[in-house]
Amino acid sequence: MGHTDTSTKAAAQLALLVDYFVELRASSPGGGRRSPTRSIENTAPLNVATLSHIHASVREIKEYVDIESPGTMEPLPKDPAGVYDWCIRNTEHDDEAVKRRRDTLIYRQYLEHKILAGDVKIVRRHRCPGCGTVGLHWRASVGSAVCRNRNCRTPDGLASTWTLAHLAAENIADKEKRSRRAT
Ligand SMILES: [Zn+2]
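Residues numbered from 1 in each chain as written. Predicted model: local features only at pLDDT ≥ 70, side-chain atom pairs only at ≥ 80, totals over all residues. Heavy atoms only, no water.

Asker: It is not clear to me how the overall build of the protein chain should be interpreted in this structure. Could you clarify?
Answerer: Along its length, the protein chain carries five helices and three strands. For the protein chain, long-range pairs separated by at least 24 residues make up 49% of all intrachain contacts whose partners lie at least 6 apart in sequence. With an accessible surface of roughly 10700 Å², the protein chain has 54% of that area assigned to carbon and sulfur atoms. (Helix = DSSP H or I, 4+ residues; strand = E, 2+ residues; numbered from the N terminus. Contact = heavy atoms within 4.5 Å. Areas by Shrake-Rupley, 256 points an atom, 1.4 Å probe, with all protein chains shown as cover.)

Asker: Please clarify how the coordination of the zinc ion should be interpreted in this entry.
Answerer: Each pair of donors in an ideal four-coordinate tetrahedral metal site encloses 109.5 degrees, whereas pairs in an ideal six-coordinate octahedral site enclose 90 or 180 degrees. Note on the zinc ion: its protein donors are C128 (SG), C131 (SG), C147 (SG) and C152 (SG). The metal-donor distances range over 2.3 Å. Taken together, the four donor atoms coordinating the zinc ion span angles of 106 to 112 degrees at the metal, a pattern that classifies the geometry as tetrahedral. All donors of the zinc ion belong to a single chain; written as a sequence motif, their spacing is C-x2-C-x15-C-x4-C. (Donors = N, O, S within 2.8 Å, 3.2 Å for Na, K, Ca; no water. Tetrahedral: all angles 85-135°; square planar, octahedral: opposite > 155°, others 65-115°.)

Asker: Explanation requested: helix α5 (residues 164-182) in the structure shown.
Answerer: One turn of the α-helix equals 3.6 residues, which is why residues spaced by three or four share an orientation. Compared with an ideal rise of 1.5 Å per residue, which puts 19 residues at 27 Å, α5 spans 27 Å between its outermost C-alpha atoms and is within 8% of the ideal. Three or more residues of α5 are buried, namely L164, L167, A168, N171 and I172. What you see down the axis of α5 is that its buried residues fit within an arc of 130 degrees, all on one side. Pointing more than 90 degrees away from the buried face of α5 are the exposed residues R180 and R181. Contacts made by the buried residues of α5 are with α4 (96-116), β1 (136-139), β2 (144-147) and β3 (161-162). (Expected span 1.5 Å × (residues − 1). Buried < 20%, exposed > 50% of the residue type's maximum accessible area, 1.4 Å probe, protein only. Arc of directions from axis to C-beta.)

Asker: I tried to follow the layout of surface pockets on my own but got confused; where do I start?
Answerer: The gaps left among the atoms become clear once a water-sized probe is rolled over them. Here the second largest pocket defines a volume of roughly 280 Å³. Lining the second largest pocket are 13 residues, and of these R125, H126, R127, N171 and D174 lie nearest its centre. It is α5 that contributes the most residues to the lining of the second largest pocket, six residues altogether. Residues of the lining of the second largest pocket, tallied by class, amount to four nonpolar, two polar and seven charged. (1 Å grid on protein atoms, 1.4 Å probe; cavity = no way out; pocket = protein on both sides within 12 Å on 5 of 7 lines; lining within 4 Å. Points joined across faces, edges and corners; volume = space filled by probe spheres on them. Nonpolar A, V, L, I, M, F, W, Y, C, P; charged D, E, K, R; others polar.)

Asker: Hey, could you run me through the pattern of salt bridges in this one?
Answerer: Pairing is possible between side chains of opposite charge, provided their charged atoms come close. Summed over the entire model, instances satisfying the criterion amount to 11 salt bridges. Linking R100 and E176 is a salt bridge whose minimum nitrogen-to-oxygen distance equals 2.8 Å. Of this pair, R100 sits in helix α4 while E176 sits in helix α5, and the two are 76 residues apart along the sequence. Since its relative accessible area comes to 36%, R100 is described here as partly exposed. A salt bridge links R180 to E176; the nearest nitrogen and oxygen atoms lie 3.5 Å apart. Here R180 pairs with E176, and both are found in helix α5, just four residues apart, close to one helical turn. One connected set of salt bridges, linked through shared partners, spans E60, R108 and E112. (Salt bridge = Lys/Arg side-chain N within 4 Å of Asp/Glu carboxyl O.)

Asker: Would you take a moment to explain the environment of R124 for this structure?
Answerer: Relative to the assigned elements, R124 resides in the loop between α4 and β1. Classification of R124 by relative accessible area gives partly exposed; the value is 45%. In this structure, the C-alpha to C-alpha distance between R124 and A145, residues 21 residues apart in sequence, is 8.8 Å. Contact partners of R124, with chain neighbours within four places excluded, come to V134 and L136.

So far we have only geometry, and geometry alone does not tell us how the molecule works.
Right, here's the structure in full:
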């Protein structure tokens, strides 16, 4: 099933970030083991950014379940990477639209985790929603993927840019189309 693949990948990626955060904290001054190559000045901002990203991701998943499946009794797992399975378990009996938004949310978070971990090439795996080519690249300054096709322009003549939310929505819609065709 498509959503299971996505949630597994998202969970693995979030787990990597958690490990990364824990490792950084352990190796920074005051965190126990000291590393001569990493100073608190260098690691602290990354630490905070990664940690707040992890918290924000978990919070967003929890809020989604709270809104879409109010009355969920199962407590949020302590391990951040467990939130995706938790989310899927607790929206399993909801309607297709809820599941589609859920899968899109999880896939978008997977992309966000990848990009935060420095794997910006992940956007190249997606076709441009505007022209269908595979020339997307990540532009951190705008927080979006930009299309390299010179003929793919906005009405104002600018390069087409796509948010991760947009790419995620396209990806989930494509998967649905493919699985409908397969059945
Ligand atoms: Zn394009």
